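Fold and geometry: a report
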Amino acid sequence: MSMLAKEIGFAARSLRKNPGFAFTAIVTLALGIGASTAIFSVVNAVLLRPLPYKDPERLAIVWDDLRNRNVTNFPFSGGDFRDLRQQVTLFQAFAGVATGRQAITDEASKPEMVKVAFATTNIFSVLGVNPALGRGFIESDGEPQPVAQAQSAAQPGNAQAPAGGGAGQGGQPQAAPPRVPIIVVLSHGFWQRRYGGDSTIVGKTITMGRNVGQIVGVLEPNVELHFPPKANVERMPDVWSAMRINFDSASRIDHGIRVIGRLKDGATFAAAQAQVDRLAADLRERFPIKNTAGLYMRVEPMKLDVVRTVQRPLTLLLGSVGFVLLIACANVANLLLVRASARERELAVRSALGGSRMILVRQMLTESLVLASISTAVGLILAQFGIDLLAAVAPATLPRLDGVSLDPTVFAFAIGLTLLSIIIFGLVPALRASRPNVADILRGGRAASQFGGAALRASVVVAEVALSIVLLVGSGLMMRSFVAVARTDPGFDARGMLSFTVQNTRIRGAEERDAFVRQFRERLSAIPGVTGVTAAGNLPLDGNDPNGRYVPEEQAGDEKAFRQAQIFFVQPGYFEVMKTRIVAGRALQEQDVPSPPQLPPNATPQQIQAVQAALQQLVIPVVVDEFLVRKVYPNAPAVGKRILARLGGTQMTPFEIVGVARHQRHTSLTADEREAIYFPSSIANGRWAVRSSDDRSATLLPQVRAALASVDPMVPIAEVTPIADFVDKAIAPTRFALIMLGIFAVIAAILASVGLYGVLASAVRQRTAEIGVRMAFGASSRSILVLVVGQGMRLSAAGVVLGLVGALALTGVLRTMLVGVTATDPLTFVLIAMLFALVAVLACWVPARRAAGLDPNVALRDE
């Protein structure tokens with residue numbers, strides 16, 4: 001131990017004598033270690049860390065796929081969920097959940113829109129989480145209510161259902177539902193935030209939506225729901241409500257239940273998938289609609305399913321930053337080789353005095369250890385800055401980002417990088433330096449191995465250039481993709497628009513709803529600078545994907561003709577406010593919103609049947625988008641045609657197309673989307689949007705709150721977001737990959753240029769005498785300049801060629817992330833090669849100028 005301490009002290013003193021070398025080596029290596037650690041911290045939190053459940057490796061998500069309609073990750077219907085529970089025996093249990101937003105309107109507290117999870121009563125046992133106060137759900141909490149009440153009880157899909165009349169509710173008569181007591185459990189965070197951690201909360205009630213909820217417990221901290229981002233499931237619900245559904249009589253065509261399953265001990269996902277396949281085949285055989293839709297089911301390991309969309313990008317970034325680390329290590333190795341050359345006399349003396357090769361190697365590696373240790377400390381500081389940067393630019397769809405930190409696993413990774421770095425950059429220089437030609441060096445000659453060392457340093461530089469070219473090409477491809485995404489027309493004008501969610505649970509009947517909508521629109525329109533007001537069940541790119549099936553009227557008898565479309569309920573004037581062009585026919589108007597009769601609370605079966613019969617005679621106008629026209633009416637005008645769609649109940653309702661709108665991007669700016677149908681509705685509860693004339697929509701929030709309070713102070717506003725943020729969120733994944741790859745590529749290019757400069761500077765120093773002889777025999781400064789630049793450009797050219805070949809082989813992994821450009825785009829490859837050639841010329845110029853400016857007399861005396 002004392003010997004090691006002495007060698008560490010000697011190494012530290014040696015580095016202090018060469019501060020320029022030490023600073024350059026430490027900064028270079030710290031960049032590589034810091035960047036690698038920052039990216040690994042994300043990979044660790046997102047991909048490697050177990051999900052926060054009991055035995056998470058046994059948890060699965062089960063999906064419906066409607067293959068004939070190109071629909072994946074579809075939720076289950078209640079009837080199919082019952083069969084899943086009964087027939088798939090390799091699972092210990094299945095739990096169902098659906099999430100949404102509901103208004104909490106306790107009179108003692110400020111109204112608030114909260115995130116609600118409607119779940120089967122076994123949800124907590126399946127996940128393996130426990131209450132911190134009170135109890136969780138018990139089976140009786142989910143017992144179905146009488147039919148008249150069950151419509152208003154906690155049901156999946158009710159949380160964000162449009163509250164407008166007519167088409168907004170599927171054209172079905174609606175009676176004001178009674179208030180039904182429901183059983184709820186609070187999240188720990190919500191209990192602390194709204195109720196101040198009140199230990200007497202159990203047994204109290206809250207008003208949630210149109211229901212009164214009885215609080216039976218509070219969960220342990222940080223209970224989460226982990227689903228893929230496109231499932232649009234609230235990750236951290238504020239309130240959990242026991243789902244009340246009679247699964248024995250539940251619908252087979254109303255889909256709204258997300259399914260989580262826990263495998264039995266010893267069961268495999270493959271065996272479970274086989275059982276689920278048999279169930280899906282049975283359902284296709286028993287129900288023709290499921291056969292024509294192409295119903296299949298998938299069992300996905302929960303963790304793999306959650307991270308599937310980000311696994312490839314994060315792995316790509318980890319590989320890219322690995323390239324940066326390799327380049328940094330190569331640079332430091334080059335520095336150590338040059339330093340060993342400068343210390344050859346010292347090493348020869350130590351060898352002549354009896355120092356063995358092992359002692360020399362140990363001393364050199366100790367110096368590398370000191371360098372790597374300091375670099376790691378600096379790198380961890382840089383890594384924290386990198387994590388902050390990642391949090392700022394990462395897309396919202398990146399799961400578990402809030403768990404990214406420098407935890408013990410990340411520290412262990414950084415230490416591992418330190419040891420690996422010592423091996424990569426320290427071992428070869430140490431071995432070469434440990435074999436000095438003692439006799440030649442002590443006589444004043446140069447080591448015979450110099451030429452071998454120069455060749456090694458040149459090879460390292462070629463490798464650095466090749467690795468940096470691969471990163472630069474990847475960055476260039478992502479740059480072109482980002483430009484293509486940014487130029488994508490979303491089909492609407494997001495500038496100057498502010499959106500927010502409203503849920504008024506105090507409305508009773510169509511008259512109250514219409515009065516609220518009219519007054520609220522008037523108050524919003526009166527705000528100075530507001531030029532338009534509209535509302536919809538969902539807005540473009542807001543993260544939701546509402547969809548339903550439809551069929552052209554003339555093909556209604558052909559089950560195979562049914563298609564899946566995105567379904568939107570919008571107020572008249574929606575297209576004008578969104579600035580979406582109507583390309584044929586007209587937009588929706590006030591008179592298009594139907595006003596079906598409302599049933600009394602105790603309507604007789606005869607009254608219900610009479611109203612339903614009357615509703616079937618209504619033909620409600622709708623607007624479709626260009627995608628639907630291209631797919632369904634490619635050779636005929638669509639305006640005037642009729643389609644059938646099911647928006648509620650079991651009946652297909654006829655609608656007449658009165659207009660065709662430009663396609664709005666609703667789920668993605670890059671992926672192919674489904675066609676869309678817009679139904680007129682007097683939306684009260686949903687997403688509202690106001691457009692301002694001065695593009696300062698964010699400043700409107702106080703006036704918007706005041707306008708709502710003037711109509712009803714007990715109605716909360718939530719999810720306040722400029723619509724431009726929806727577009728920005730859609731661009732975020734591409735921008736994230738571009739920024740990260742761009743940073744790594746720039747660092748790699750700088751390090752490769754520094755390495756090239758270092759090799760040429762060392763070569764000029766070692767060839768000083770040769771250059772002096774050339775100049776003494778008449779060589780011009782220009783020829784010396786060309787000689788040195790040519791040497792550097794030959795190294796660069798070799799690296800560029802190898803890098804381009806490597807890029808052709810590796811950039812294929814980017815294929816799924818690229819937009820508007822191929823992974824082998826010739827223009828990108830050529831431009832990157834030209835760009836690095838320019839960088840290489842600049843890196844070669846300084847040592848070349850120094851060589852060209854040498855005085856022959858001085859150069860010859862140096863020999």
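Summarised in this report is the structure supplied together with it. (Residues numbered from 1 in each chain as written. Predicted model: local features only at pLDDT ≥ 70, side-chain atom pairs only at ≥ 80, totals over all residues. Heavy atoms only, no water.)

**Structural notes on the overall build of the protein**
Keep this limit in mind: Each helix corresponds to a stretch of at least 4 residues labelled H or I by DSSP, and each strand to a stretch of at least 2 residues labelled E; elements are numbered beginning at the N terminus. Only protein chains enter the accessibility calculation, which uses a 1.4 Å probe; a residue whose area is less than 20% of its type maximum is buried, one above 50% is exposed, and one in between is partly exposed. Contacts: residue pairs with any heavy atoms within 4.5 Å of one another. Using a 1.4 Å probe, the Shrake-Rupley method yields the accessible areas, and only the shown protein chains count as cover for residues.
A tally of helices and strands in the protein yields 24 helices and 23 strands. Among the 863 residues that make up the protein, the fraction classed as buried is 54%. Taking the contacts inside the protein whose residues are at least 6 apart along the sequence as the reference set, 83% of them involve residues at least 24 apart. Carbon and sulfur atoms make up 58% of the accessible area of the protein, which amounts to about 36500 Å² in all.

**What to know about the side chain of Arg262**
Here is the rule: Charged residues are defined narrowly, with Lys and Arg counted positive, Asp and Glu counted negative, and His plus the chain ends left uncounted. Think of a salt bridge as a Lys or Arg side-chain nitrogen and an Asp or Glu carboxyl oxygen that are within 4 Å of each other. Side-chain atoms alone can form a polar contact between residues adjacent in sequence; in general such a contact is a pair of N or O atoms within 3.5 Å, and within protein one must be able to donate a hydrogen while the other accepts it.
For Arg262, the position within the fold is in strand E11 (residues 255-263). Although buried, Arg262 forms no salt bridge, and the nearest oppositely charged side chain, Asp55, lies 4.4 Å from it. A distance of 3.3 Å separates the side chain of Arg262 from the backbone oxygen of Asp55, its partner in a polar contact. Not counting residues within four places of it along the chain, the set of residues in contact with Arg262 comprises Lys54, Asp55, Arg58, Leu59, Phe91, Gln92, Ala93, Ser125, Val126, Leu127 and Gly128.

**Here's the deal with the pattern of salt bridges**
According to the stated counting rule, one finds 35 salt bridges in the structure shown. Here Arg298 and Glu300 are joined by a salt bridge, their closest N and O atoms 2.8 Å apart. Of the charged contacts, one joins Arg687 and Glu719 as a salt bridge, the two residues approaching to 3.3 Å between their closest N and O atoms. Highlighted residues: Arg687 in strand E22 (residues 686-692) and Glu719 in strand E23 (residues 717-722), separated in sequence by 32 residues. On the accessibility criterion, Arg687 (7% relative accessible area) is buried. Taking the relative accessible area as the measure of exposure, Glu719 reaches 23% and is therefore partly exposed. Taken together, the salt bridges that share partners define one network made up of Asp80, Arg82, Asp83, Arg252, Asp282, Arg286 and Lys290.

**Re the environment of Ala706**
Within the secondary structure, Ala706 sits in helix H19 (residues 701-711). Spatially, the C-alpha atoms of Ala706 and Ile527 are 9.9 Å apart, while their sequence positions differ by 179 residues.

**Things to note about the side chain of Asp407**
Relative to the helices and strands, Asp407 resides in the loop between helix H11 (357-393) and helix H12 (408-433). The exposure class of Asp407 is buried, given its relative accessible area of 15%. Within the local environment of Asp407, its side chain forms a polar contact with the side chain of Asn44, the two groups lying 3.1 Å apart. Looking at Asp407, its side chain comes within polar contact range of the side chain of Arg49, at 2.8 Å. Aside from chain neighbours lying at most four places away, what touches Asp407 is Asn44 and Arg49.

**Overview of helix H3 (residues 78-87)**
Among the 10 residues in H3, 7 count as buried, and that is most of the element. What H3 keeps buried is the set Gly78, Gly79, Asp80, Phe81, Arg82, Asp83 and Leu84.

**With respect to the pairing of strand E13 (residues 497-502)**
Where we set the bar: What makes two strands pair is DSSP finding at least two bridges between them.
In terms of burial, E13 is a largely internal element, 6 of the 6 residues being buried. Taking every second residue as pointing to the same face, both faces of E13 are buried, with Met497, Ser499 and Thr501 on one and Leu498, Phe500 and Val502 on the other. The pairing of E13 with E22 spans 6 bridges and is classified as antiparallel. When the bridges of E22 are listed, Thr501 appears paired with Arg687. As judged from the 4 bridges shared by E13 and E23, these two strands associate in the antiparallel manner. Bridge assignment links Thr501 to a residue of E23, and that residue is Ala718.

**Brief notes about the packing of helix H15 (residues 509-525) against H19**
For the record, the criterion: Fitted lines through C-alpha atoms give the axes, limited to the stretch in contact for helices. The angle between two N-to-C directions lies from 0 to 180 degrees. Handedness of a crossing follows from how the near helix is turned relative to the far one, being left-handed for an anticlockwise turn of less than a right angle and right-handed for a clockwise one. Three classes are used, and their members are as follows: Ala, Val, Leu, Ile, Met, Phe, Trp, Tyr, Cys and Pro are nonpolar, Asp, Glu, Lys and Arg are charged, and the others, Gly among them, are polar.
Viewed as axis vectors pointing N to C, H15 and H19 meet at an angle of 145°, and their least axial separation amounts to 9 Å. In this structure, H15 crosses over H19, and the sense of that crossing is right-handed. Taking contact as the criterion, the partners of Phe516, Gln519, Phe520, Arg523 and Leu524 in H15 are, on H19, Val704, Ala707, Leu708, Ser710 and Val711. Partitioned by chemical class, the residues of the contact of H15 with H19 number 7 nonpolar, 2 polar and 1 charged.

**Topic: the packing of H3 against helix H7 (residues 269-286)**
Cut-off, in case you're wondering: For this classification, under 35 degrees means roughly parallel, over 145 means roughly antiparallel, 65 to 115 means roughly perpendicular, and everything else is oblique.
Running from N to C, H3 and H7 point in directions that differ by 135°, and their axes come no closer than 11 Å. Put simply, H3 runs oblique to H7. Between H3 and H7 lies a crossing whose hand is right-handed. Of the residues in H7, those touching H3 at Asp80, Asp83, Leu84 and Gln87 are Gln275, Val276, Leu279, Asp282, Leu283 and Arg286. Grouping the amino acids of the contact of H3 with H7 by side-chain chemistry returns 4 nonpolar, 2 polar and 4 charged.

**Observations concerning helix H6 (residues 188-195)**
Threshold: Directions drawn from the helix axis to the C-beta atoms are what define this arc.
Residues of H6 that are buried: His188, Phe190, Trp191, Arg194 and Tyr195. Projected down its long axis, H6 shows its buried positions confined to an angular sector of 165°, all on one face.

**Describing a nonpolar patch on the surface**
Defined as follows: Exposure above 30% relative accessible area and the absence of a salt bridge qualify a residue for a patch, where like charges join within 9 Å and nonpolar side chains (Val, Leu, Ile, Met, Phe, Trp, Tyr) within 5 Å.
There is a patch of nonpolar side chains on the surface, built from Phe23, Val27, Leu31, Ile374, Val378, Ile381, Leu382 and Phe385 and spanning about 710 Å² of accessible area. Elements with a contribution of two residues or more to the nonpolar patch: helix H2 (19-48) and H11. Inspection of the secondary structure puts Leu31 in helix H2.

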